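# Observations on chain architecture
Listed below are the residues making up each chain.
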Amino acid sequence: MGHEERLVAGARPVLHDPTNHDFIANSFEVLKKGLEVITESKMAEDKPSPQKEQIPRPCGTLKPRRKRKRKIFSCTECSRRKQKCDRSFPCSNCIIRNKQLACHYKNESVTGQQLLEEGKGESLEAIKLESESIAQVSAFGFAKPNGNNNTTLGIFEKIWSHNTDPHSLISKFTTIDINGIREKYRSLIRQLPSKIIIETLVKTFFREVNHQYYSLDEGIFRDHLKDWNNLTFSTLKNAPLELSGDMQFFPALLFQCLALGLQFQPQEYDPNLESLKYAIGMSLDDVASDYSQSGFSIMALLGKRHVTLIAVQAGFLRTAFLKNYGMVPESWHSLSQTIRDAQEIGLQKGIREWGKPNEKPEDVLENQWLDQLRRRVWLILSWWDIDMAMLLGRPTTIDRRDEKPPFPIDAPIPRNRREVAPAPRTESDPPTPLSTLLWTSELSAPLWDISVLEKEDPHQKDFAKVEKMHGLINQISSYCPPYFRVHNPDTTFDNHPDCYWIVNARSNLQSNAAFTIMALHRPYIFTNPPSRTLALKAAIEVLGAQRTLFNLLVSTRYKMFCLVLRTFDAVVLIAAIYILYPFENRDDLDDSLQHFEWAMERFHMMGDRNTMAKAALGVLKAIYVRLKKALLPVLEPMSGGEPLSTGVNTAPNFDFSSIAPPQPVNDLLYNNLSTIGESTRVEPQSANIDGGGLFNPNIICETEIWQFDGDFRNDSFWGFMNDYNS
């Protein structure tokens, strides 16, 4: 039993053995006698009493009947869309809408039972049948089994419906459940490719993907992979019951690594990967989707009772895969579940007590490195939680008031963790991906206070606190390590073989720092002119960092979600400011228009490999029409031409503070933000782009009538845009 299993087992002591046949038989007799007593007392209560009938009960003393909270058995997608779910896995609605990856069930017993039924070949209707006698028992207060045969009522149901020996019944149904789990587990791990393919994709993962998040330690991962490859056929035949907790969840982690490795394959990839395609017209992205779904199915099959650190890592990589795949709302839900799993094993509590009597020094050192990995994983989850919450406009899963574990030590990874203890690296040591993670966490830490400020100041009036927080953010940025600086960086380690990622990291860190300032001032852009200017400058800096990063990447990296979400958020913010306040911030106008054009060009180049970029490009083109019209009074005098009679209205003189600042990423992903024509949906095409640049005030197209469509209110920013300058 691994360390994670001991933790969970220690938190839930086993009171009795469910396979104890004597215990079951005695319990059956007691339950049968108790049922007879309850039935007699119930019949006595139902007899009408003459005395009670003569006494009228006052109406004023009647208490309102409490409404029972219904359990949700539909999948999350059908529940969100308020559709009838057939409770399959995946359900028919998700298959029709091509949302198989998003189909999952919050009720673990429903999902687990469905997975078992696939292996047993039993129909869902047969399991849902409930005898009349069991319905009477449940009316006396017993909980319904809901497909779980190990509950008291589940056992009693089988005994009641089968007039036979309880000993054989218990053994029979326990064996059926175990066999169903075993068969489903084996069917999933059979989908793993050959060891040669696994090695190829694992190398890609650790070279191209892992340094972005640094959620896995390659040495520890390869130790687990070696243990997995050394498992015998007889052991796998009885899996997962004969495997340790870590080994049970390891194929789920391996599937997610393979999926991400496939996502970042170069255009001229290894020809051996063609063997993974089992149908004509299939792409590596389709194979990656299958692998990620297989890993998720293993997680769902094993459940949440014995979660380990490997399960948490697999959940996080599933979150990253969904985000790269363009399924950002599903990714956010996956992140929330992964954080809960991490809390289940106590990652938020910091140091664990590993010591044992007579423990070897080598084991002590190895456990210290494992503690560092646990801290690192929790730090990643915390950063993603607040970052996605601010970007998507959603709540966080972690409560900022909870205890926080200490930061992991930025220590060089040794060749043998059983010989060296974690120690901070020196100035002569090259930075590690953990160095990037630690500095990113420092830059993103103010986002927690910004989220609190948005709740405490809903009317955007506390400008003094905003100014103070802006100063603190600048103070944090001043401590940037020299090798991460954008301007005049220390390039000592740029050519180090282990620091091939450091040039890209500088642009990412610059974008994160500017996003924090933009998030601080965004709620105040319509109420406070200084915040409007500072938010505009931060958005321009975000776009500059995004352009630098984009130029450093090859086309295989166009799937990176940060290339779209950060850019789209900043471009819409700039457009909103200049549309409503065209005569302000004239010094930044040229840079803003240039970055708007570059952003559209990047989205056009990424459209074939990034679904989010393709969807966002249409919205940007519609915003372009509004922005061009709003800037006509500003651009005409600058061009020296005669004022054009275009019939375009200028900005009305009224207070815009009643309009909520735009949350473009939230509206794009959750409110189906898109563009439409007068009557039918159209695909926006580039218009009015000539040698003079994107924004040529001398060209006006009268057919530019694109409107915004989506699930937003008429008094929102997008509703205002539909009425403004129409």
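The structure this text deals with has already been given above.
Residues numbered from 1 in each chain as written. Predicted model: local features only at pLDDT ≥ 70, side-chain atom pairs only at ≥ 80, totals over all residues. Heavy atoms only, no water.

## A closer look at the overall build of the protein
- On a plain count of helices and strands, the protein comes out with 29 helices and two strands.
- Taking all 726 residues of the protein together, the buried fraction comes to 50%.
- In the protein, of all internal contacts separated by at least 6 residues, the share reaching a separation of at least 24 is 75%.
- Of the roughly 36800 Å² of accessible surface on the protein, a fraction of 52% belongs to carbon and sulfur atoms. (Helix = DSSP H or I, 4+ residues; strand = E, 2+ residues; numbered from the N terminus. Buried < 20%, exposed > 50% of the residue type's maximum accessible area, 1.4 Å probe, protein only. Contact = heavy atoms within 4.5 Å. Areas by Shrake-Rupley, 256 points an atom, 1.4 Å probe, with all protein chains shown as cover.)

## Overview of helix H17 (residues 328–344)
- Taking 1.5 Å per residue, 17 residues should reach 24 Å; H17 reaches 24 Å between its end C-alpha atoms and fits that length.
- Along H17, twelve of the 17 residues are buried, which leaves the element largely enclosed by surrounding structure.
- If you check which residues of H17 are buried, you get Val328, Pro329, Glu330, Ser331, Trp332, Ser334, Leu335, Ser336, Thr338, Ile339, Asp341 and Ala342.
- Contacts made by the buried residues of H17 are with helix H4 (76–81), helix H16 (309–324), helix H18 (361–392), helix H26 (611–630) and helix H28 (664–670). (Expected span 1.5 Å × (residues − 1).)

## Some thoughts on empty space enclosed by the protein
- A full pass over the atoms with the stated rule returns three cavities of 30 Å³ or more.
- A volume near 520 Å³ is recorded for the largest cavity.
- What lines the largest cavity is a set of 31 residues, and nearest its centre among them are Gln212, Trp383, Asn508, Asn512 and Cys562.
- Of all the elements in the fold, those that place two or more residues in the lining of the largest cavity are helix H11 (195–213), H16, H18, helix H19 (433–444), helix H22 (502–521), helix H23 (529–552) and helix H24 (562–580).
- With six residues, the single largest contributor to the lining of the largest cavity is H22.
- Each residue belonging to the lining of the largest cavity can be placed in one class, and the counts come to 17 nonpolar, ten polar and four charged.
- Reported here for the second largest cavity is a volume of approximately 70 Å³.
- In terms of lining, the second largest cavity is formed by Tyr214, Trp369, Gln372, Arg376, Ile409, Ala411, Ile413, Thr432 and Leu434.
- Top contributing element to the lining of the second largest cavity by residue count: H18, with three residues.
- Grouping the amino acids of the lining of the second largest cavity by side-chain chemistry returns six nonpolar, two polar and one charged. (1 Å grid on protein atoms, 1.4 Å probe; cavity = no way out; pocket = protein on both sides within 12 Å on 5 of 7 lines; lining within 4 Å. Points joined across faces, edges and corners; volume = space filled by probe spheres on them. Nonpolar A, V, L, I, M, F, W, Y, C, P; charged D, E, K, R; others polar.)

## Some points on unusual backbone geometry
- The linkage connecting Ala239 with the following residue, Pro240, adopts the cis geometry, with an omega of 5°.
- You will see that Tyr214, though not glycine, has its phi angle at about 60°, which is positive.
- One can find Tyr214 in the loop between H11 and helix H12 (218–229).
- Take Tyr214: its relative accessible area is 11%, and that puts it in the buried class.
- We note that Asn585 has phi near 55°; this positive angle belongs to a residue other than glycine.

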